[in-house]
Amino acid sequence: MSFLKTLKINSVRNIEYAELELSPKLNLIYGNNGSGKTSILESVHLLAMGRSFRTSKTNSLITEYDPGLAIYGETGANCKIGFSKANRQKHQLKLDSTLQKNWDSVARNLPVQVIDSNSFLLLEGGPKARRRFLDWGVFHVKQHFVSDWRSTRKCIANRNALLRAGGLDNDQFRAWDIELSQSSEKVDLARAEYFGLFEPVFKDIYKSLAGENPISISYWRGWPDGEPLREVLSASRDRDQKYGSTQSGPHRADIHVRYGSQPAIEVLSRGQQKVLVSALKIAQGIVYSRLIGDECIYLLDDLPAELDNENRDKIIAKIFKLECQLFITSIDLDSTKDFAESIPKTRTFHVEHGKIKA
Ligand SMILES: Nc1ncnc2c1ncn2[C@@H]1O[C@H](COP(=O)(O)OP(=O)(O)OP(=O)(O)O)[C@@H](O)[C@H]1O
Ligand SMILES: [Mg+2]
């Protein structure tokens, strides 16, 4: 089972130094507004995925006036992961003392899902967030996906450079279109297969949370069905040249979420959106566990926000059933007391002005 045994945090936001011995099950983090609860979850996310879920600017996480931050974690399987970043400098990531070029291996050791008060952006924002969500699953269950996706991105960058250069070198275009089509077909196939497994699981979970409903999700691959990408690319070269970038391809993929015939975002209330996003994230944990035979770690930041007690309890119950490691933050212990008492090995942390007491 993937979980963090220990976590050390150095100079992350208002946390100057903290050392946490974690429960493999439930970790409850409580404290007043601004005490540093979310910063603990951000540290876990940063270690596991190389970025916070709150900001894309890692520099802003470094404690003011400190030269840099460092986070260290040890997993249940005794993997030692260390991340450090000095202000405005390149980070360093180590797995068992070996320097890592990217997060591939670390992310496989620490699969993390977040549900927080920004989760509705998965529905409301542009396709990038939904693509990232989908690719989290594809990355974990399809071993070749990362390299196919990287080749695709390289082809797109080269093709875009050619478009912007303005010349019409047909041979060069043809060469990139062929290479891009080949890697894109693989990316699309991996995504489509994953989505085929994911969709029924999501439907089940969402129905058990929200009852009978007209919500449907579908995968859009980024260019029209039934048309080979190569032909689409060659037919749209003039248009692409006008935009200065490739308009069709797997970098335009999306998950469409509909309520009947309308986009779900136009219909659902904020609370309903949060339930829907929670169902998406829980479904991903279930598919992960079925295919990998392991559990991912859930970070629930401020779960009660926008949710009534019934929905909150149902969502927590579903996540507990996954038997994963769980971090829950809240202002006080009242909202979490009942289920915390029913879970053995729960650890509780009180946060006050960046100081954490177990
Ligand atoms: N770079 C930084 N350096 C120092 N302090 C920071 C930095 N960035 C944020 N802070 C402070 O650190 C604290 C971080 O709070 P955090 O968001 O973790 O609080 P929280 O306990 O989750 O609060 P809430 O209940 O409001 O969600 C805040 O008091 C914030 O003002
Ligand atoms: Mg917070």
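Residues numbered from 1 in each chain as written. Chains lettered and ligands numbered in written order. Predicted model: local features only at pLDDT ≥ 70, side-chain atom pairs only at ≥ 80, totals over all residues. Heavy atoms only, no water.

A closer look at the overall build of the protein chain
When helices and strands are counted, the protein chain shows 12 helices and 15 strands. Against the 2.2 N^0.38 benchmark of 21 Å for 358 residues, the protein chain shows a C-alpha radius of gyration of 22 Å, consistent with a compact globule. The principal-axis extents of the C-alpha atoms in the protein chain amount to approximately 65 × 50 × 35 Å. Expressed as a percentage of its 358 residues, the buried residues of the protein chain come to 51%. Partitioning the contacts of the protein chain with sequence separation of at least 6, the portion at a separation of at least 24 is 70%. Charged side chains of the protein chain number 50 positive and 44 negative; the gap between the two group centres comes to 4 Å. (Helix = DSSP H or I, 4+ residues; strand = E, 2+ residues; numbered from the N terminus. Rg over C-alpha atoms; globule rule 2.2 N^0.38 Å. Buried < 20%, exposed > 50% of the residue type's maximum accessible area, 1.4 Å probe, protein only. Contact = heavy atoms within 4.5 Å. Lys, Arg positive; Asp, Glu negative; His and termini not counted. Charge placed at Lys NZ, Arg CZ, Asp CG, Glu CD.)

As for the site of ligand 1
The full set close to ligand 1 counts 16 residues, and Gly 34, Lys 37, Thr 38, Ser 39 and Glu 64 are the nearest of them. Between ligand 1 and Asn 33 there is a distance of 2.9 Å, counted from an oxygen atom to a side-chain nitrogen or oxygen. Within the contact set of ligand 1, an oxygen atom lies 2.8 Å away from a backbone nitrogen or oxygen of Gly 34. For ligand 1, whose accessible area on its own is 650 Å², the fraction buried by protein is 69%. (Near = heavy atom within 4 Å. Polar contact = N/O pair within 3.5 Å; in protein donor to acceptor, adjacent residues only side chain to side chain. Areas by Shrake-Rupley, 256 points an atom, 1.4 Å probe, with all protein chains shown as cover.)

Considering the pairing of strand β1 (residues 4–12)
Sheet topology note: the β1/strand β4 (residues 68–75) ladder contains 6 bridges and is antiparallel. Within β4, the residue paired with Asn 10 across the bridge is Ala 70. Bridge count between β1 and strand β2 (residues 15–21): 6 bridges; the pairing is antiparallel. Paired with Val 12 across the two strands is Ile 15, which belongs to β2. Two successive antiparallel strands, β1 and β2, enclose a turn made up of 2 residues, where Arg 13 displays a positive phi of approximately 50°. (Pairing = 2+ DSSP bridges.)

Here's the deal with the pattern of salt bridges
For the structure shown, the criterion picks out 19 salt bridges. Asp 177 is paired through a salt bridge with Arg 237; the nearest N and O atoms lie 3.4 Å apart. Here the residue Asp 177 occupies a position in helix α6 (residues 170–210), and Arg 237 occupies one in helix α8 (residues 237–243), the gap between them amounting to 60 residues. The same class applies to Asp 177 and to Arg 237, which are both buried. Measuring nitrogen to oxygen at the nearest pair gives 3.2 Å for the salt bridge that ties Lys 207 to Glu 212. Three or more residues joined by partner-sharing salt bridges are found here, namely Arg 159, Asp 177, Arg 237, Arg 239 and Asp 240. (Salt bridge = Lys/Arg side-chain N within 4 Å of Asp/Glu carboxyl O.)

Points about the domain arrangement of the protein chain
Taken domain by domain, the protein chain consists of domain 1 (1–111 + 295–358) and domain 2 (119–293). The C-alpha-based centres of domain 1 and domain 2 are spaced at 28 Å. Counting from both sides, the interface comprises 22 residues of domain 1 and, opposite them, 21 residues of domain 2. Of the roughly 1,900 Å² buried where domain 1 meets domain 2, counting both sides, 60% is carbon and sulfur surface. In terms of surface lost to domain 2, no three residues of domain 1 exceed Arg 108, Glu 306 and Lys 318, which account for 31% of the buried area on that side. In this assembly, domain 1 and domain 2 are joined by 1 salt bridge. For Asp 104, the salt bridge goes to Arg 150, with nearest N and O atoms at 3.1 Å. The tally of links between domain 1 and domain 2 comes to 9 residue pairs in polar contact (both at pLDDT 80 or more). Those elements that provide at least two residues to the side of domain 1 that touches domain 2 are α2 (104–109) and α11 (309–321). For the side of domain 1 that touches domain 2, the leading source of residues is α11, giving 5 residues. Per-class residue counts for the side of domain 1 that touches domain 2 are 11 nonpolar, 3 polar and 8 charged. (Domains from an automatic or database assignment. Buried area = accessible area lost by both parts, 1.4 Å probe. Nonpolar A, V, L, I, M, F, W, Y, C, P; charged D, E, K, R; others polar.)

A few points about the sheet that holds strand β11 (residues 262–263)
Spatially, the 3 strands line up as an open sheet ordered β9-β10-β11, and their pairing is antiparallel. The sheet is open, and its two edges are formed by β9 (215–220) and β11, each paired on a single side. Relative to β11, strand β10 (residues 254–259) runs antiparallel, the two sharing 2 bridges. What sits directly across from Tyr 259, in β11, is Gln 262. Docked against the sheet, α6 engages β9 and β10, running at close to 175° with respect to β9. (Axes fitted to C-alpha atoms, helices over the stretch in contact; angles between N-to-C directions.)

Some words on the sheet that holds β4
Overall, antiparallel pairing links the 6 strands, which are arranged β2-β1-β4-β5-β6-β7 in an open sheet. Edge positions in the open sheet fall to β2 and β7 (98–99), since each of these has one partner strand only. Taken strand by strand, helix α1 (residues 37–49) contacts β1, β2, β4, β5 (80–86) and β6 (92–95), and its axis lies near 105° from that of β1.

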